[in-house]
Every structure is written in structure tokens, then in C-alpha cells.
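Remarks on the overall topology
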Amino acid sequence: MSEVDDEAVVVERLQGWVRSVHGRLPLYSRLVETALDHRRVHRLLLAAPPEQRIPVLLLAAVHALVLDHPDSALARHYPNLTEHPAGDDPAPAFLEFCADHEAELSQLIATRTVQTNEVGRCALLLPVFGMLEREGVGPLAMVDVGTSAGLNLGIDRYRYSYVRDGEPVATIAGDGALGEGRRGDELPGVELSCSLRGDVPLPTTMPAIAARVGLDRTPVDLADPAQVRWLEACVWPEQPERFHRLRAATAVVRALRPDVRAGDAVDDLSALVSTMAGEGHPVVVNTWVLNYLDAEQRRRYVAALETLGQSLGDLSWVYAESPSAVGPDVPVSDRADLVDATVLSLVRWRSGERDVQHLASAHPHGHWLNWI
Ligand SMILES: C[S@@+](CC[C@H](N)C(=O)[O-])C[C@H]1O[C@@H](n2cnc3c(N)ncnc32)[C@H](O)[C@@H]1O
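This is a predicted model, so every value here is computed, not measured. (Residues numbered from 1 in each chain as written. Predicted model: local features only at pLDDT ≥ 70, side-chain atom pairs only at ≥ 80, totals over all residues.)

What about the domain arrangement of the protein chain?
Threshold: Each domain's extent was defined by an automatic or database domain assignment. By the criterion used throughout, residues are in contact when their C-beta atoms, derived from the backbone, lie within 7 Å. In this text, helices come from DSSP runs of H or I with a minimum length of four residues, and strands from runs of E with a minimum of two, each type numbered from the N-terminal end. In this classification, the charged set is Asp, Glu, Lys and Arg, the nonpolar set is Ala, Val, Leu, Ile, Met, Phe, Trp, Tyr, Cys and Pro, and all remaining amino acids, among them Gly, are polar.
Split by domain assignment, the protein chain resolves into domain 1 (3-111) and domain 2 (119-371). The C-alpha-based centres of domain 1 and domain 2 are spaced at 32 Å. Between domain 1 and domain 2, the residue contacts involve 10 residues of the former and 10 residues of the latter. At the level of secondary structure, the elements contributing two or more residues to the side of domain 1 that touches domain 2 comprise helix 2 (26-37) and helix 4 (55-68). Residue contributions to the side of domain 1 that touches domain 2 peak at 4 residues, all from helix 4. Taken together, the residues of the side of domain 1 that touches domain 2 break down into 8 nonpolar, 2 polar and no charged.

A word on the environment of arginine 254
Defined as follows: We call a residue exposed when 12 or fewer other C-beta atoms sit within 10 Å of its C-beta, buried when the count reaches 20 or more, and partly exposed for counts in between; the C-beta positions come from the backbone.
With respect to the helices and strands, arginine 254 occurs in helix 9 (residues 240-256). Note on arginine 254: 18 C-beta atoms within 10 Å, which makes it partly exposed. Separated by 41 residues in sequence, arginine 254 and valine 213 place their C-alpha atoms 14 Å apart. Excluding residues within four positions of it along the chain, arginine 254 makes contact with Leu222 and Ala223.

Quick word on the pairing of strand 1 (residues 140-145)
Counted only if it meets this: Pairing between two strands is assigned when DSSP locates at least 2 bridges connecting them.
With respect to burial, strand 1 is a largely interior element, 6 of its 6 residues being buried. The pairing of strand 1 with strand 5 (residues 209-216) spans 6 bridges and is parallel. Bridge assignment links methionine 142 to a residue of strand 5, and that residue is arginine 212. Bridge count between strand 1 and strand 7 (residues 281-287): 6 bridges; the pairing is parallel. Among the inter-strand pairings, aspartate 144 is bridged to a residue of strand 7, identified as valine 285.

Here's the deal with helix 7 (residues 122-135)
Under the convention used in this document: Residue count minus one, scaled by 1.5 Å, sets the expected span of a helix.
Over its 14 residues, helix 7 runs 20 Å from end to end, which matches the ideal 20 Å to within 8%, given 1.5 Å per residue. Every buried residue of helix 7 is listed here: Cys122, Ala123, Leu124, Leu125, Leu126, Pro127, Val128, Phe129 and Met131. Count one or two residues on from helix 7 and you reach glycine 136, which has phi positive near 90°.

A short note on helix 6 (residues 102-111)
One full turn of an α-helix is made of 3.6 residues, so residues set three or four places apart face in the same direction. Applicable threshold: Directions pointing from the helix axis toward each C-beta atom define the arc.
Residues of helix 6 that are buried: Leu105, Leu108 and Ile109. Taken down its axis, helix 6 places every buried residue within 95° of arc, on the same side. Away from the buried face of helix 6 by more than 90 degrees, exposed residues Ala103 and Thr111 are located. Where helix 6 is buried, its residues touch helix 4 and helix 5 (91-100).

Some words on the pairing of strand 10 (residues 353-362)
Two faces belong to every sheet, and in a regular strand the side chains alternate between them. Sheet topology places strand 9 (residues 342-350) next to strand 10; 9 bridges connect them, and they run antiparallel. Paired with arginine 350 across the strands is glutamate 353, a residue of strand 10. Joining the antiparallel neighbours strand 9 and strand 10 is a turn of 2 residues, in which serine 351 adopts a positive phi near 50°. Adjacent in sequence and paired antiparallel, strand 10 and strand 11 (residues 368-371) are bridged by 5 residues, among which glycine 366 carries a positive phi angle near 80°.

So, unusual backbone geometry
Positive phi, normally seen in glycine, also occurs at aspartate 165, with a value near 50°. The residue arginine 257 is not glycine, and still its phi comes out positive at about 50°. Along the chain, arginine 257 falls in the loop between helix 9 and strand 6 (259-262). Note on arginine 257: 12 C-beta atoms within 10 Å, which makes it exposed.

A look at the sheet that holds strand 4 (residues 191-197)
Note the cut-off: To obtain an axis, a line is fitted to C-alpha atoms, over the contacting stretch when the element is a helix, and the angle between two such axes runs from 0 to 180 degrees between their N-to-C directions.
The mixed open sheet is built from 11 strands, whose spatial order is 3-2-4-11-10-9-8-7-1-5-6. In the strand order of this sheet, the two ends are held by strand 3 (167-173) and strand 6, each with one partner. Geometrically, the sheet is characterised by an average inter-axis angle of 25° between neighbouring strands, direction not taken into account. Pairing analysis gives 6 bridges linking strand 2 (residues 159-164) to strand 3, with the strands arranged antiparallel. Within strand 3, the position partnered with tyrosine 162 by the bridge is alanine 170. Packed onto the sheet, helix 7 meets strand 1, strand 2, strand 3, strand 4, strand 7, strand 8 (315-321), strand 9, strand 10 and strand 11 and runs at close to 155° relative to strand 8. Helix 10 (residues 269-276) contacts strand 1, strand 5 and strand 7 of the sheet and is inclined by roughly 160° relative to strand 1.

Some details on the packing of helix 1 (residues 3-21) against helix 2
Under the convention used in this document: In this scheme, roughly parallel covers angles under 35 degrees and roughly antiparallel covers those over 145, while 65 to 115 is roughly perpendicular and the rest are oblique. By definition, turning the near helix anticlockwise from the far helix through less than a right angle yields a left-handed crossing, and turning it clockwise yields a right-handed one.
Viewed as axis vectors pointing N to C, helix 1 and helix 2 meet at an angle of 155°, and their least axial separation amounts to 10 Å. Between helix 1 and helix 2, the angle falls in the class roughly antiparallel. Crossing angle aside, the handedness with which helix 1 passes helix 2 is left-handed. Residues Val11, Leu14, Gln15, Trp17, Val18 and Val21 of helix 1 touch helix 2, and the partners they reach there are Ser29, Val32, Glu33, Ala35 and Leu36. Among the residues making up the contact of helix 1 with helix 2, the classes are represented as 8 nonpolar, 2 polar and 1 charged.

Focus on the environment of valine 347
Relative to the helices and strands, valine 347 resides in strand 9. For the pair formed by valine 347 and glycine 138, sequence separation is 209 residues and the distance between their alpha carbons is 17 Å. Among residues more than four places away in sequence, those in contact with valine 347 are Trp317, Pro331, Arg354 and Val356.

Quick look at the environment of aspartate 264
Tracing the backbone through its elements, the reader meets aspartate 264 in the loop between strand 6 and helix 10. Assessed through the 14 C-beta atoms surrounding it within 10 Å, aspartate 264 is described here as partly exposed. Each C-alpha atom of the pair aspartate 264 and alanine 304 lies 12 Å from the other, and the pair is 40 residues apart in sequence.

Rendered as C-alpha cells:
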């Protein structure tokens, strides 16, 4: 492809992105519209490999540098960085910022990919861990596949507020890595709120986790400020609660120092789960990971779990995944509503026999849980 064709693809993607957000993100929409009008800005994306030339990569690179320059004129427009964002047009500040930081932007765009870790999904996993505890499997040995920065691994360190029709129904809190006690109202740190529909079997106490490990092909190292900064930059500034929650969760998990390993979901799963089975009841978790695997990889992932389930006898697998990533390769109950936002399922092997339970559909970031 010629450079002109490459640029045409970038322009098309930027235009498509603006159309897809329907003005829902006024700041980001304006920045992308401005980029579209300025070749020097949208051409920055040409530094990335072709498949990575996506608008959110440009936006994340700009956001990363804005986080490094909180006193810049552009930072005044970011709702996650100021309580009262500037009301004037951000376009001039954006163009000036891109010109001032052109080399750094190119460097980020050439070397980074968009990677996120949404801690809100723990509010979906918690009731399932509670079900396992009630079943009497004993303390859990958690293997979080596609763990990113490992925020799911801090599941028992957050505070959960479950509400129904706007009314609080339960608060469950664990020992915060930063916190002082088990009583939820004393706990600083991460608060996850989830609105319930249906008869969700909430635990009354925090399920016990005996051991935990994360696996990711490119784990985010929370001890590296540049990696943490990039993770933050991939969150949209127009979702400030999400941004602040991420910051709080990274602090909790950094203090927890979970074992997070670089490796492949398919090739490295069996050895890791077999080791963890000696530490407690093995629970494999994956949240919004299967859409990164192609059909063949998904089949191999499920086959590896099946082999583990039969050889270990007892194994649990909890997934919260995009409907597009489950079925026909991933076992899903025929009760699953595959048009909804996230499919939450529990697959159990007990004495080597497999049982698949579709539990709920849910918001992709854990804002609501619709139990079947
Ligand atoms: C959308 S993120 C989800 C992260 C986290 N589970 C969450 O819910 O926030 C997908 C993660 O899967 C990881 N991933 C993708 N393919 C993988 C593979 N084959 N093996 C291991 N990790 C993989 C990516 O690096 C990324 O961190």
C-alpha cells in the first residue's frame, strides 16, 4: 500500500470513530475531528504498524503525555484531571500540544498498543466465587488468564456495594491492601458499585483466596511508572470515575504484589493451573480476553481446560466475555442471551464431569448484573 492509501485508511478510521461515538464524548470527538482537519496530526498514526493505526491509540498517546504535563493548556480540558474543565474549544490547545510533543507522540504510537484493565468486572466475579465457597470447595487458587495488570487478582481487597432499584442491598469488603480492617465503612481504596437484577446469590463474607496468579502475553508491570501511566492513558478522560477507580485499584494491587507471569493463554495454561491446584481449589478466570483469541486458539484453550478438568477431577472456570467470543467454540448454556453485553458463566468439573451454567448477562464494566 502507498503512503497515500495508508493515510486514507487512517482518515476513514478517524471518521468512523467520530460517527460511532455519536457525540457521547465531546472532548474526544472534538480532538479527533480536529486531527482529521490536520494532516500533521492524523499522520502521527502512520508510525504504528498498520493494524494498530486506530484513533484510540492516538488519543491514548496524547492522554499519556497530558498526564505527564498536567499544567499544559490541553490538560485543562480533561475531566479526569480537573473538577471544572475549561469550556472553550480544546482544538487550539490540542494542535499546540501535538506540535510541541510530536517526537514523543510518534514514539508512543510506534511502540505501544491499547491495553486496559477494568477492575469493575470483579463485581461480576464475586457472586460466582461466593457460589463456589457455599458449595464447599474450600479456599480458592485463582488463575486469571489475560490478567493485564492483575486487577482481578485483588478481588478480595475491594469494597462492593450492590444496589437494587437504586437502594443498597449489600456491602461486602475485604482487607484492603491499604486498609485498616474488614468493616467496609473503614476501608479506603476501591469501591465497586453494581446494580442487581434477578436473584443474585451474594456472599455474606469475602470468599477466601488461598493463592492467586495472573497470566498475560504482555502483563502490565505495576512497579513501572511508565507502564502504569500508559494503562491510565488508555482510559477515556470523559469517564473520570473509571480513571480514578483504576488509580485506586493499581495502588491496592501494587501493594498486594500478586504473581503475574508473561505467557500465553493457550500454551502456558495447563502447567500453571496444575501447579496452582496444589494450593487450593483451582479457579480459572478470564474476563474480556477470548475476543483476542482466534477460533482455533479458543478451541485449544477450551480443550486444555477440559483435559485439566478431567485430570484434576475438580476445577472451576468462570468467564465474563463478549457474546461474540463465546459459542460455538466456548461452552455456553442454551439459556445464555448472546445479544446482551457480557456473558457470565461458570463451568465446573467435579470428579471429572463437566457442568456448564450460564449465570448472568452483565455490563462489560460491571455496572449491572442481570442474573438468570
Ligand atoms: C481487554 S484486556 C482484559 C484484561 C482484564 N482481563 C480485564 O478484564 O480488564 C485483554 C488482555 O488479554 C491479554 N491477552 C490477549 N491474548 C492473550 C494470549 N494469547 N495469552 C495471554 N494473554 C492474552 C492482553 O494482553 C490483555 O491484557
